[in-house]
Amino acid sequence: MLFGRKNRKPIKIVDKQIKNWKYAVCGYCSTGCTLEVGLNNEGKPVSSRGMGSAHVNRGKLCIKGIFEHELSSSAGRGDEPLIREKTHEEFRPVGWDGALDHMALEIKRVQEKYGRDSVAIVSTGQLLTEEFYTLGKLVRGVIGTNNYDGNTTLCMASAVSGYKRSFGSDGPPGCYDDFDSTHCLIAFGSNLPEQHPIIYWRLKEALEKRKFPLIVVDPRVTMLAQFADIHLPITPGTDLVLLNALAHVILKEGLQDRGYIEAHCNDFEDFEKTVEQYDPASAAKVCGIDEDMIRHVARIYANAPSAMSIWTMGINQSTHGSDGVCGINNLNLITGNIGVAGGTSLSITGQCNAMGTREWSSCSGLPGYRMLEKPRHRREVADFWGIDEEFFPAKRGLQQTDIFPAIESGQIKALWIVATNPLTSMPNQPRIKKALQKLEFMVVQDIYRDCETVDYAHLYLPAASWGEKEGVQTNSERRVNIVRKFIEPPGKSKPDFWIFNQLAKRFDNGKKIKFPDTTSEIFDEMKQLSKGDGRTLDISGMSHDLIEKHKGLQWPMRENQETGDQRLYSDGIYPTANGRANLMAMHYVENNETPDKQFPFWLNSGRVIEHFHTRTKTGKLGNLNKFSPTPYMEINPDAARELGISSMQYVRLVSKRGDAIVMVQPTHRVPRDMVFIPMHYHDCVNRLSLGLLDPYSRQPAFKQCAVRIEDIDQSEAAQLNVERRAF
Ligand SMILES: Nc1nc2c(c(=O)[nH]1)N[C@H]1C(S)=C(S)[C@@H](COP(=O)(O)OP(=O)(O)OC[C@H]3O[C@@H](n4cnc5c(=O)[nH]c(N)nc54)[C@H](O)[C@@H]3O)O[C@H]1N2
Ligand SMILES: Nc1nc2c(c(=O)[nH]1)N[C@H]1C(S)=C(S)[C@@H](COP(=O)(O)OP(=O)(O)OC[C@H]3O[C@@H](n4cnc5c(=O)[nH]c(N)nc54)[C@H](O)[C@@H]3O)O[C@H]1N2
Ligand code: SF4
Ligand SMILES: [Mo]
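Residues numbered from 1 in each chain as written. Chains lettered and ligands numbered in written order. Predicted model: local features only at pLDDT ≥ 70, side-chain atom pairs only at ≥ 80, totals over all residues. Heavy atoms only, no water.

(A) Examining the sheet that holds strand β13 (residues 344-347) more closely. The five strands lie next to each other as β10-β9-β8-β12-β13, forming an open sheet whose pairing is parallel. Two strands close off the open sheet at either side, each with one partner strand: β10 (230-232) and β13. On average, adjacent strands in this sheet sit at an angle of 15° to one another, irrespective of strand direction. Here helix α9 (residues 239-252) sits on the sheet and contacts β8 (185-188), β9 (214-217) and β10; the angle it forms with β8, its principal contact strand, is near 155°. (Pairing = 2+ DSSP bridges. Helix = DSSP H or I, 4+ residues; strand = E, 2+ residues; numbered from the N terminus. Axes fitted to C-alpha atoms, helices over the stretch in contact; angles between N-to-C directions. Contact = heavy atoms within 4.5 Å.)

Next comes the structure, spelled out in structure tokens:
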């Protein structure tokens, strides 16, 4: 017997007439999902699907990956180079030759007048690795300014700095497979279900097969915290206190791995003396976690046969970000949890190629984790490129967060921005705006013409986007994967590496150094530079085709290895002077802006699943933007009630830097004294943020400052939000 309607109309799945699937790795987050883009008869991308046989995602994609093909027809792209004398004038089109001739002349003019380092270059974590290597070659070997950095200073700098201080080198030592064998996982300031959904899915699958404790340290009840066995709602900015207290308990109760410490660690005595002062009772008063809970967590972690820690921006974006990373590394060293299956200290990275820039862009040094400070490294690279080693500076120059103040002080006169949108993403936006107006010459190279920072440029260079060029990216577990080209860039826009190559030709050293025309030739050059000498970052066993065949390969992968190593430091030998890891003795210093009578709320910021960063991409895709088109803040319902504000109304937030208008969303995710705003909206959270810097990494403490909440006329607020392009 049939139930329901007689003339049933079965749902028809539209046939998208896909003729061809092209291989790619996702261009949003650092999870590194492999996907295929379906092209129809006309070669138009009409579908995206996860690849079942890919190790990382096994067929899955998150909502951003699922709609990634739609980017190819998104609005606001640039299609020709544009020029103007003054920032408030109209742009006029200029051909590539005109644009690049002008750019080379301006760079030379500024360098001659004010010195080589008066030109600054700020790049990103979103180019292809071959493009990073090429940009590094251009900046270090041809233009020769030392003030060269990336938006990774807003993102991964603390992780890099902490890894270097603890282990002697950058490079996350673990992998996602560690979830399958760990017996305990602590996540510090990392919200996997929204920010790395497919890593989260891997973790959840491991947990379904075999239960182990999941502990989440985050002042918010994030989605990950909701799924945790233990949630530690830490007082913002105090993770180091908790970490020192955990170590205190482990040492007091003799739960440490003595053999590992004796064989593989430096400076145990200093470390022990320091953490001695962080007894749980005193620590609890600072970090807000109950003293017995601190003891409980320390015992679970130390007693687990293997245990791992992951972290993201809750740790890195702090005035003690680098110390927090070292504190996590300490915890894993004293429990013998590095380089073993299920035991690791794994920084979850951010942008799709945050790792590629760390490895190859030369922002913090020279390619392949080489350092400017080491004469041998300078010589190796200079010989390889065929230039004089004296051309390289002997130490690293300014980082992104110091470049903007250097514009204010007149030290920097020209700025070239590649694939980042600092007007929206830097802290203290009012100050950034003023700084940009002081520049004699500013170039923005972006895929979108309507990216806010372009408003301040004298020259705009339209770049080719994801899928419009071919090359590799490295994910959070050191897995190198490839995006194939499946569509032509719009109009006259060009791949970033093409732009770098053409600019190089206009300088003396650019005629001496070889700049290959294809990314596979560039990759071959990088392979040679990565080879031998006991380098951990060795990719000499890889090639573009092999990477596609395996759907991503991890480094190190030396010549004649069949596949890459899953973990670093499994032999307990670290790239430090004596081969041992450093236990870091660090005291907590209270140096944040904290709430007071005038500004009674903590301002915390971060991300939501449907948006990526400054929304130049996701703000244009209806399927993503529809979920949160309006800037909003999370506020605790009790606090909202006390202030007499209700759901969906507008309020004005005020900090010592500026103000912002947001919609109210009451939720118990945030404690009573905190509001949380997604970072994605222009003219919003970073008009308020302070961004005090970590002393080692120079990364801003985006997640800690103080605000107050004021009433605002509702129609005026809606109007202001429109004018500010906040929607
Ligand atoms: N959907 C989406 N995914 C993304 C991105 C995106 O824009 N959208 N961006 C990518 C990039 S570049 C990055 S860097 C990652 C970021 O990934 P995550 O770091 O996971 O994301 P956030 O939301 O910035 O911050 C994580 C958490 O840190 C917490 N936090 C704040 N202060 C503290 C503190 O003092 N201590 C601790 N322990 N936690 C604190 C916040 O409450 C927040 O829940 O995401 C990547 N993935
Ligand atoms: N308040 C607050 N602020 C934050 C954060 C926070 O948590 N809170 N997080 C910080 C973090 S972790 C990060 S990573 C930054 C991100 O900050 P941004 O780097 O400013 O963010 P995006 O919007 O990703 O900017 C990338 C730009 O590159 C362009 N682009 C994309 N692909 C290409 C390409 O192939 N070539 C070229 N030439 N251009 C391309 C995009 O259109 C976009 O304009 O924000 C930081 N700011
Ligand atoms: S989890 Fe990250 S890499 Fe995977 S589909 Fe989503 S945005 Fe892309
Ligand atoms: Mo990031």
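Anyway, onward from the coordinates.
(B) Structural context of the sheet that holds strand β24 (residues 659-666). Around the barrel, which closes on itself, the six strands sit in the order β21-β25-β22-β24-β23-β26 with mixed pairing between neighbours. This sheet shows a mean twist of 45° between the axes of neighbouring strands, independent of strand direction. Relative to strand β26 (residues 705-710), strand β21 (residues 601-606) runs antiparallel, the two being bridged by three bridges. Considered in β26, the bridge of phenylalanine 601 is made with valine 707. Relative to strand β23 (residues 650-654), helix α28 (residues 714-723) is tilted by about 70°, and along the sheet it contacts β23 and β24.

(C) Region of interest: helix α11 (residues 268-275). By the burial criterion, the buried members of α11 are Phe268, Phe271, Thr274 and Val275. The arc that holds every buried residue of α11, seen down its axis, measures 130°, which confines them to one face. α11 presents Glu269 and Lys273 as exposed residues on the side facing more than 90 degrees away from its buried surface. (Buried < 20%, exposed > 50% of the residue type's maximum accessible area, 1.4 Å probe, protein only. Arc of directions from axis to C-beta.)

(D) Inspection of unusual backbone geometry at higher detail. Look at the link from tryptophan 555 to proline 556: it is a cis peptide, with omega at 0°. Looking at the secondary structure, you find proline 556 in the loop between β19 (553-554) and β20 (581-582). Look at tyrosine 369: it is not a glycine, yet its phi comes out positive at around 60°. Position of tyrosine 369 among the secondary structure elements: in the loop between α16 (354-360) and α17 (375-385).

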